[in-house]
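Geometric and topological summary
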Amino acid sequence: MSKNFDVVVIGGGPGGYIAAIRAAQLGFNTACIDEWKNAAGGPAPGGTCTNVGCIPSKALLQSSEHFEHAAKHFGDHGISLDNLKMDVAKMVGRKDTVVKQNNDGILYLFKKNKVTFFHGRGAFGKAVEGGYEISVAGKTAETLTAKHVILATGSNARALPGAPFDEEKILSNDGALRIGAVPQKLGIIGAGVIGLEMGSVWRRLGADVTILEGLPTFLGAADEQIAKEAHKAFTKQGLKIEMGVNISEVKAEGEGVAIAYADAKGSAKSLVVDKLIVSIGRVPNTIGLNPEAVGLQLDERGAIVVDGECRTNLPGVWAVGDVVRGPMLAHKAEEEGVAVAERIAGQHGHVNFDTIPWVIYTSPEIAWVGQTEQALKAAGRAYKAGTFPFLANGRARALGDTTGMVKFLADATSDEILGVHIVGPMASELISEAVVAMEFKASAEDIARICHAHPSLSEATKEAALAVDKRTLNF
Ligand code: FAD
């Protein structure tokens, strides 16, 4: 039986499910195919983000942060606890519940928006008159036809050569989110977002965590001043971070994993850990999609080649999210999904890559949008900088969380905001004001003249904007 759709989306992660909803809202007869299975073998749409990424990692970060607060900071508030314990199984169970709520939420949204959902693997059949044949291999086999196809097949964790993931001792993000007991010694290869977030979870719960990073500079994509501040905070918390290492061998042996490496000076070193998380980047995923059947073009990394508007080399076939160029972020995938659905409808869908926010949900959180100071220097752009420390913010003092700062970078002549960088409490929420400001091409002076509620962390944003003109009021 053939089922004919205007739009078929392959992949139900943030790029795919959002594209499907928007396409249906625009009046298209839309299907979304996703193969992710929950523990019972049922559908679990939401992709990496919902199942083994953004959502479960934030659930564990929240639980471990509560634990650390109870262990280390409640005393400051006059709250004492005897016999504080962590039930890791319960924490992981709560995380699984949060994931399921999100999976179920997406299935509900499909129903509400009249998106037909197929649970199984979608693959290209052949090009047909006015579209494509798509097969779905699930509990049953189906053949669909689509006038337009949106590919949102995401990415997979990259393994170290010679050390495949066993998800018991050598863990990808998937295994890292299912560790059943606090490891005594945890190794992490890769000091990026995922490594730092996962390292923070298990350090807070008592693990001795060592992060090994091949690059010489800590968080090279972040503003240098912010990265330095974050590094200082993480080191103080007890995360051991070694930069510039060269891993020579990783071997699962006995109860643990042995890692042989050269440190930044070239000296041979070794580390034995109970578990090792490998977070060295992700690979675009087109496994099982059968791109050859229709001549879909991939690049040398395996990413689907698209233009600035997410068009592939095939008419009527689009691709969004982690499987194409650009940052591997859920909100970037979502924006592309919406824009593609609108372009199919003849509208002018738009994604501004210059104002995509970046967030690392460690404590302190790190968030930024726009250009870093080192990038402005390298480009020879004349700029003004202003910073404001949370130490001088009343709400941060009341919270007991005064680490970090807000930093503004503005054009030296026009005062247009070029970048905003935050390390500190709730940076993930604070950065939105900067994104809005930059979308509206605001100047630092615009933010400096806007009334911000007192006492709030957002006053640090206003003060950093004032600092650009060297007229902070509270520092
Ligand atoms: P995915 O979410 O990977 O979804 C792709 C879906 O397609 C999957 O369900 C897959 O099963 C399905 N699929 C693939 N091939 C087929 C096929 N042939 N047929 C049917 N289905 C198929 N990003 C953030 O913005 N914020 C965060 O805090 C954040 N935290 C993260 C934490 C971790 C530990 C990890 C690993 C990632 C995190 N990310 C975060 C990145 C984010 O998860 C990805 O950028 C996002 O999921 C990409 O969305 P996507 O729709 O492109 O792909």
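Residues numbered from 1 in each chain as written. Predicted model: local features only at pLDDT ≥ 70, side-chain atom pairs only at ≥ 80, totals over all residues.

Turning our attention to the overall build of the protein. A tally of regular secondary structure across the protein gives 13 helices and 21 strands. Rg of the C-alpha trace for the protein: 24 Å, near the compact-globule value of 23 Å for 475 residues, within the 12% margin. Of all 475 residues assigned to the protein, the portion counted as buried reaches 46%. Relative to all contacts within the protein whose residues are 6 or more apart in sequence, the contacts with residues 24 or more apart total 63%. (Helix = DSSP H or I, 4+ residues; strand = E, 2+ residues; numbered from the N terminus. Rg over C-alpha atoms; globule rule 2.2 N^0.38 Å. Buried ≥ 20, exposed ≤ 12 C-beta atoms within 10 Å, placed from the backbone. Contact = placed C-beta atoms within 7 Å.)

Whenever strands of a sheet pair, they do so through backbone hydrogen bonds, lying parallel or antiparallel. Pairing is antiparallel in the open sheet, where five strands are placed in the order E17-E18-E21-E20-E19. Both edges of this open sheet fall to strand E17 (358-360) and strand E19 (383-389), since each of them pairs with a single strand only. Strand-to-strand, the axes of this sheet are offset by a mean angle of 10°, without reference to chain direction. Pairing analysis gives six bridges linking strand E18 (residues 365-370) to strand E21 (residues 417-424), with the strands arranged antiparallel. By the bridge assignment for E21, Val369 is matched with Val420. (Pairing = 2+ DSSP bridges. Axes fitted to C-alpha atoms, helices over the stretch in contact; angles between N-to-C directions.)

On to the UniProt feature "domain: FAD/NAD(P)-binding" (unreviewed entry) in the protein, then. Here the UniProt-annotated "domain: FAD/NAD(P)-binding" (unreviewed entry) positions come out as residues 5-337. What you have in residues 5-337 is 30% helix and 28% strand, and the ends, taken at the C-alpha atoms, are 17 Å apart. (UniProt positions renumbered as here; feature names shortened; annotations may be inferred.)

A few words now on the pairing of E21. In terms of residue burial, E21 counts as a mostly covered element, since eight of its eight residues are buried. Where strand E20 (residues 405-411) hands over to E21, the hairpin turn is made up of five residues, of which Asp415 adopts a positive phi near 75°.

All right, on to the sheet that holds strand E11 (residues 246-253) then. Ordered in space as E11-E12-E13, the three strands form an open sheet in which the pairing is antiparallel. Each having just a single partner strand, E11 and strand E13 (268-273) make up the two edges of the open sheet. Geometrically, the sheet is characterised by an average inter-axis angle of 15° between neighbouring strands, direction not taken into account. Here E11 runs beside strand E12 (residues 256-262); their pairing, made up of seven bridges, is antiparallel. Pairing of Glu249 across the sheet is with Ala260, part of E12.

Turning our eyes to something else, we now look at unusual backbone geometry. A cis amide bond, omega 0°, links Ser363 with the succeeding residue Pro364. Among the structural elements, Pro364 can be located in the loop between E17 and E18. For the peptide bond that leads from His454 to Pro455, omega is -10°, which places it in the cis range. Looking at the element boundaries, Pro455 is found in the loop between helix H12 (444-448) and helix H13 (458-468). Of note, Asn290 is a non-glycine position whose phi angle comes to about 60°, a positive value. With respect to the secondary-structure elements, Asn290 resides in the loop between strand E15 (282-284) and strand E16 (317-319). Residue Asn290 is classed as partly exposed on the basis of its 16 C-beta neighbours within 10 Å. Even without being glycine, Asp415 reaches a positive phi, approximately 75°. Checked against the element boundaries, Asp415 lands in the loop between E20 and E21.

Turning our eyes to something else, we now look at the packing of helix H3 (residues 54-73) against helix H4 (residues 88-112). Where H3 contacts H4, the two axes come as close as 9 Å, and the packing angle between them is 140°. For the element pair H3 and H4, the recorded crossing hand is right-handed. Taking contact as the criterion, the partners of Ile55, Pro56, Ala59, Leu60 and Ser63 in H3 are, on H4, Met91, Arg94, Lys95, Val98, Val99 and Asn102. Of the residues assigned to the contact of H3 with H4, the class counts are seven nonpolar, two polar and two charged. (Left-handed = near helix turned anticlockwise from the far one by under 90°. Nonpolar A, V, L, I, M, F, W, Y, C, P; charged D, E, K, R; others polar.)

Our focus in this paragraph is the confidence of the model for the protein. On average, residues of the protein score 97 in pLDDT, and 100% of them are at 70 or above. Across the whole predicted complex the pTM is 0.97, and at the interface the ipTM reaches 0.99. (pLDDT = per-residue confidence, 0-100.)

Bringing the site of the ligand into the picture now. The environment of the ligand is formed by 38 residues, the closest being Gly11, Gly13, Gly47, Gly154 and Gly321. Put simply, the parts of the chain that give the shell around the ligand at least two residues each are helix H1 (14-25), strand E2 (30-34), helix H2 (47-52), H3, strand E3 (116-128) and helix H8 (330-344). Grouping the constituent residues of the shell around the ligand by class yields 16 nonpolar, 18 polar and four charged. (Near = placed C-beta within 6 Å.)

Summarising the sheet, E2 and E3 pair through four bridges and their orientation is parallel. Opposite Ala31, over in E3, you have Thr116 as the bridge partner. Bridge count between E3 and strand E4 (residues 131-138): seven bridges; the pairing is antiparallel. Opposite Ala123, over in E4, you have Ser135 as the bridge partner. A loop of two residues connects E3 with E4, the two strands running antiparallel in sequence, and Gly130 in this loop sits at a positive phi of about 70°.

This brings us to the nonpolar core. Membership of the largest hydrophobic core comes to 132 residues, with the highest contact counts inside it found for Val8, Ala19, Ile150, Leu151, Leu276, Val320 and Phe408. Excluding residues that lie within four positions of it along the chain, Leu151 makes contacts with Ile10, Gly11, Ile304, Val317, Trp318, Ala319 and Val323. (Core = buried A, V, L, I, M, F, W, Y, C linked by C-beta atoms within 7 Å.)

Let us now look at the UniProt feature "domain: Pyridine nucleotide-disulphide oxidoreductase dimerisation" (unreviewed entry) in the protein. The UniProt record annotates "domain: Pyridine nucleotide-disulphide oxidoreductase dimerisation" (unreviewed entry) at residues 356-465. Regarding residues 356-465, the helix share stands at 35% and the strand share at 28%, and the terminal C-alpha atoms are separated by 20 Å.

Taking 1.5 Å per residue as the helical rise, H1 with its 12 residues ought to reach 16 Å, and the 16 Å between its terminal C-alpha atoms agrees with that figure. Of all 12 residues in H1, 11 are buried, a share of seventy percent or more. Two residues or fewer after H1 comes Gly27, characterised by a positive phi angle close to 95°. (Expected span 1.5 Å × (residues − 1).)

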